[in-house]
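# Residue-level structure breakdown
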Amino acid sequence: MPNITVELLSGRTMDQRREFAEAVTAAAVDILKAKRPSVRIRFDEIEKSDVANGGVLESDRTD
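Quick summary incoming for the structure in this document. (Residues numbered from 1 in each chain as written. Predicted model: local features only at pLDDT ≥ 70, side-chain atom pairs only at ≥ 80, totals over all residues. Heavy atoms only, no water.)

### Digging into the environment of Val56
Structurally, Val56 is set in strand S4 (residues 56–57). Look past the residues within four positions of Val56 in its chain and what remains in contact with it is Val51 and Arg61. (Helix = DSSP H or I, 4+ residues; strand = E, 2+ residues; numbered from the N terminus. Contact = heavy atoms within 4.5 Å.)

### Here we look at the environment of Gly11
Along the chain, Gly11 turns up in the loop between strand S1 (3–9) and helix H1 (14–32). Looking at Gly11, the relative accessible area reads 62%, which means it is exposed. As a C-alpha pair, Gly11 and Ala23 span 12 residues in sequence and 19 Å in three-dimensional space. Not counting chain neighbours up to four residues away, the residues in contact with Gly11 comprise Gln16 and Glu45. (Buried < 20%, exposed > 50% of the residue type's maximum accessible area, 1.4 Å probe, protein only.)

Structure follows, in structure tokens:
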């Protein structure tokens, strides 16, 4: 059973999560030969103030 954990910055819509879950599940079935009902995806939402890239908090970025 594939257990897939996805870390995302907060702000994604439910439709985006649904579409992503469908695409990842399809890939797991195709590539890993997993049974569709056994593919488990967990979304961990991270606030922009909890992540820094290149020494800059995501919440401080303006671009």
